[in-house]
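Observations on the model geometry
Listed below are the residues making up each chain.
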Amino acid sequence: MPPPADIVKVAIEWPGAFPKLMEIDQVSNADSTNFYITEKNRNNIKNGSILRLTTSAAQMAQQLHERIQSSSMDMKLDALKDLANSSRDITFAQEFINLDGISLLTQMVESGTERYQKLQKIMKPCFGDLLSFTLTAFVELMDHGIVSWDSFSVAFIKKIASYVCKSAMDTAVLQRSLAILESMVLNSQDLYQKVAQEITIGQLIPHLQGTDQDIQTYTIAVINALFLKAPEEKRQVQTKVTESQKQLRSIILSNVIRSNKPINDEMAHQLYVLQVLTFNLLEDRMMTKMDPQDQAQRDIIFELRRIAFDVECESNNSGSIEKRKSMYTRDYKKLGFINHVNPAVDFTQIPPGMLALDNMLYFARHHQDAYIRIVLENSSREDKHECPFGRSSIELTKMLCEILKVGELPNENCHDFHPMFFTHDRSFEEFFCICIQLLNKTWKEMRATSEDFNKVMQVVKEQITRALTIKPNSLDQFKSRLQNLSYTEILKLRQSERMNQEDFQSRPILELREKIQPEIMELIKQQRLNRLCEGTCFRKISSRRRQDKFWYCRLSPNHKVLHYGDLEESPQGEVPHDSLQDKLPVADIKAVVTGKDCPHMKEKGALKQNKEVLELSFSVLYESDEYLNFIAPDKHEYCVWTDGLNALLGKEMTSEFTRSDMDTLLNMEMKLRLLDLENIQIPEVPPPIPKEPSNYDFVYDCN
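Residues numbered from 1 in each chain as written. Predicted model: local features only at pLDDT ≥ 70, side-chain atom pairs only at ≥ 80, totals over all residues. Heavy atoms only, no water.

The protein has the name Engulfment and cell motility protein 1-like in an unreviewed UniProt entry, where Sinocyclocheilus anshuiensis is given as its organism.

And the structure:
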């Protein structure tokens, strides 16, 4: 029997999709060969029933394809809403696309919505929803990768771009439009050209000044896509910091990074991508060799010399050629170049190529005092203790490019952006200036010589990477963090990590630990027994639960007898053996029990509920069903006595204090034994045993 016509809410589902509610006019008109009706879920539906109606994806696609072309605004709106939800299913999407549904949606965007714009003033929410659902359905359908992005017209691109450029636009429409532009740029180089003609970064910047983080995320994603797909010649132009880039960085810093809202994962990823793409603009200079014959490039080296030594460029007639060459060679040596005669040769190594020279010139011009101090300070040292500024700058630039992965494409799953790189228009150059001063400081702290150059660079790299892990909010904060990471502190951190984190995982070290562990355990055992010989005062628990009496117990020096007895008051020191009348031979002890297994904890009473007393209780079983019951004054005494009694019985000491003492003493012993092996690589396998000699007739001649 078909359901009554007045039931207008039915659940419709098709293979591979999720169930959803949808209104229909006459359920009774449904073809029984295409629909299967069952009764389910009788709650909250009028007439006491809900009907589950099942239809194929092709039939649903055909219905929606017809309904979205309806002349009724309400029916069109409902159909587009259903289409936006249904398009997430790939089975339905395939069927709808086969009906040329994508073309229908693009036509609606290009021209179909224009006839409704006249009604926008009087029914603005309806217009916004209509366009929003249309674009949402388009995005969902295209995300399945069934249709190529290259098939769209310029008119469609212009229409989408116009929605992005409008100052006042519905939030959902703006989100979908930005998402469509990003996909166009990323999926088609031809569409990139068309989109780049319709929209600029300056037109996108206002969307970053709002408070909607989703809109900001979509906007930065479009900017990243435009940067990523830009041709090589345009990237070279972008290496120069333009006013648009300055404005973009400033707005992202103030409205996104330093906003009151926490940064979600998607925004963090887009900021990371923007950071990577910004640093990748340096790749061209990094991979450009210096031409020793290029006078403009050689003039930069002359400028470095002039700023450092405050000399004017000599005229061609001032002195002989040999004298000038000698003077240049001397100054270039002070500047720390490897090739003193022709420093241009130093910049033929790629990477870092000309990028290193750019950094040196920036440092010399913008941090002139620090530059002059470093150069003159090192030129006044002995040759072997001199920190070569030129060589250091070249190697440091190469290292920074490796740390920041200059030239590599962004990782799709990475969120590792650094806020401090958004605080300055020339962040890489400023980053270099801080690090070159760190290198000079570390060189002095290590008292390094020219042979230690690579060791110093390794320490500096560790200092930089450790400082970056805290994600400093500014370059000043990064600089402050480096001040706390001196060479001494790095050594402490290395030692701590080596002992505690890696914990000597190499095979020889593990074998050494196993070898000395019994010695440490024996030492702990002796300490426990010595403490038992000193004795401890325990509380005496009577049947009336009075705790104002005490008793004392101690082990004899020969470890064969436990002496114990009652006391009138808590003693001030050790109690002599003679004053303790009762004795218990260690040979008579059968077992040691703890906690709720103790006889005095099984008795009924308030103590049964006292967790603290329960954790401090232990008993010694001797003879037949005879117990000596203890309640330790604190956790330390509890561990000492239980460990000591177990040691007397030849059992393992398992308390947490024993584990703690073992770790402490074992680590100390390992440090002492390996002290002479600092900075020496320990092999994973032992060296081969040499062959036996042909004879053992060894003679030592004292004369």
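1. Some thoughts on unusual backbone geometry
Excluding glycine, a negative phi dihedral is what most residues carry, and trans is how most peptide bonds are arranged. Using the following cut-off: Elements are defined by DSSP. Helices are runs of H or I of four residues or more, strands are runs of E of two residues or more, and each kind is numbered from the N terminus.
With omega at -20 degrees, the peptide bond leading from Ile350 into Pro351 counts as cis. Within the element layout of this structure, Pro351 appears in the loop between α17 (321-334) and α18 (354-366). The step from Pro351 to Pro352 runs through a cis peptide bond, and the omega angle for that step is 15 degrees. Tracing the sequence through the fold places Pro352 in the loop between α17 and α18.

2. Some words on the sheet that holds strand β5 (residues 536-540)
Let me state the cut-off plainly: Paired strands, as defined in this entry, are two strands with at least two bridges between them according to DSSP. Here, axes are lines fitted to C-alpha atoms. For helices the fit covers the stretch in contact, and angles between N-to-C directions go from 0 to 180 degrees. In what follows, residue pairs with any heavy atoms lying within 4.5 Å of each other are defined as contacts.
Here we have four strands laid out as an open sheet, ordered β5-β6-β7-β8, and antiparallel in their pairing. The open sheet has two free edges, formed respectively by β5 and β8 (582-585), since each of these has just one partner strand. Pairwise comparison of adjacent strand axes, ignoring direction, gives a mean angle of 25 degrees for this sheet. Contacts from helix α25 (residues 507-534) reach β5 and β6 (549-555), with the element oriented near 130 degrees to β6.

3. Remarks on the side chain of Gln213
Rules: Residues adjacent in sequence count toward polar contacts only when both atoms are side-chain atoms; beyond that, a polar contact is any pair of N or O atoms within 3.5 Å, and within protein one must be able to donate a hydrogen and the other to accept it.
Along the chain, the position of Gln213 falls in helix α11 (residues 213-229). A polar side-chain atom of Gln213 sits 3.2 Å from the main-chain carbonyl oxygen of Pro262. Side chain to side chain, Gln213 and Asn264 meet in a polar contact 2.7 Å long. Look past the residues within four positions of Gln213 in its chain and what remains in contact with it is Lys261, Pro262, Ile263, Asn264 and Met267.

4. Re the side chain of Ser87
Note the cut-off: Throughout, exposure labels follow a simple rule: accessible area from a 1.4 Å probe, protein chains only, divided by the maximum for the residue type, with under 20% read as buried, over 50% as exposed, and the rest as partly exposed.
You can see Ser87 is positioned in the loop between α2 (73-86) and α3 (90-98). Given a relative accessible area of 0%, Ser87 falls into the buried group. Within the structure, the side chain of Ser87 is placed 2.6 Å from the backbone oxygen of Leu83, a separation counted as a polar contact. Apart from residues lying up to four places away in sequence, Ser87 is in contact with Phe92, Ala93, Ala137, Glu140, Leu141 and His144.

5. So, the pattern of salt bridges
Short version of the rule: Each salt bridge in this description consists of a side-chain nitrogen of Lys or Arg and a carboxyl oxygen of Asp or Glu lying within 4 Å of one another.
Counted according to the given criterion, the structure contains 20 salt bridges. Across the pair Arg305 and Asp331 runs a salt bridge whose closest N-O atoms are separated by 2.7 Å. Here Arg305 is found in helix α16 (residues 295-309), whereas its partner Asp331 is found in helix α17, with 26 residues between them in sequence. On the accessibility criterion, Arg305 (4% relative accessible area) is buried.

6. Points about the nonpolar core
Applicable threshold: We define the nonpolar core as a collection of buried residues of types Ala, Val, Leu, Ile, Met, Phe, Trp, Tyr and Cys that are connected through side-chain atoms lying within 4.5 Å of one another.
Within the largest apolar cluster, 73 residues are counted, with the highest numbers of intra-cluster contacts made by Leu83, Leu105, Phe138, Ile180, Met184, Ile252 and Leu271. Look past the residues within four positions of Leu105 in its chain and what remains in contact with it is Ile68, Leu80, Leu83, Phe96, Thr134, Ala137, Phe138 and Leu141. Ranked by size, the runner-up nonpolar core spans 66 residues in total, among them Met286, Cys387, Ala467 and Ile490.

7. Here's the deal with the packing of aromatic side chains
The following threshold applies: Under the pairing criterion, centres of Phe, Tyr and Trp rings, with the six-membered ring standing for Trp, must be within 6.5 Å; the plane angle then separates stacked pairs below 30 degrees from edge-to-face pairs above 60, leaving the rest tilted. Charge-over-ring contacts are defined here by two conditions on Lys NZ or Arg CZ: a distance within 6 Å of the ring centre and an angle within 35 degrees of the ring normal.
The final tally for this structure, using the stated rule, is 28 aromatic pairs. Three or more aromatic residues joined by ring pairs make a cluster, and in this case those are Phe538, Trp551, Tyr564, Phe618, Phe630, Tyr638 and Trp641. Residue placement shows Arg391 over the ring face of Phe453; its charged tip is 3.8 Å from the ring centre.

8. Points about the packing of α25 against helix α28 (residues 635-648)
Basically, it comes down to this: Here the word oblique covers every angle except those under 35 degrees (roughly parallel), over 145 (roughly antiparallel) and from 65 to 115 (roughly perpendicular). Only Asp, Glu, Lys and Arg are considered charged, only Ala, Val, Leu, Ile, Met, Phe, Trp, Tyr, Cys and Pro nonpolar, and every remaining residue, Gly among them, polar.
Interaxial distance between α25 and α28 falls to 9 Å at its minimum, and their mutual angle equals 110 degrees. Judged by the angle between their axes, α25 and α28 are roughly perpendicular. Of the residues in α28, those touching α25 at Lys525, Arg528, Leu529, Arg531 and Leu532 are Glu637, Cys639, Val640, Trp641, Asp643, Gly644, Leu645, Ala647 and Leu648. Class assignment for the residues of the contact of α25 with α28 results in eight nonpolar, one polar and five charged.

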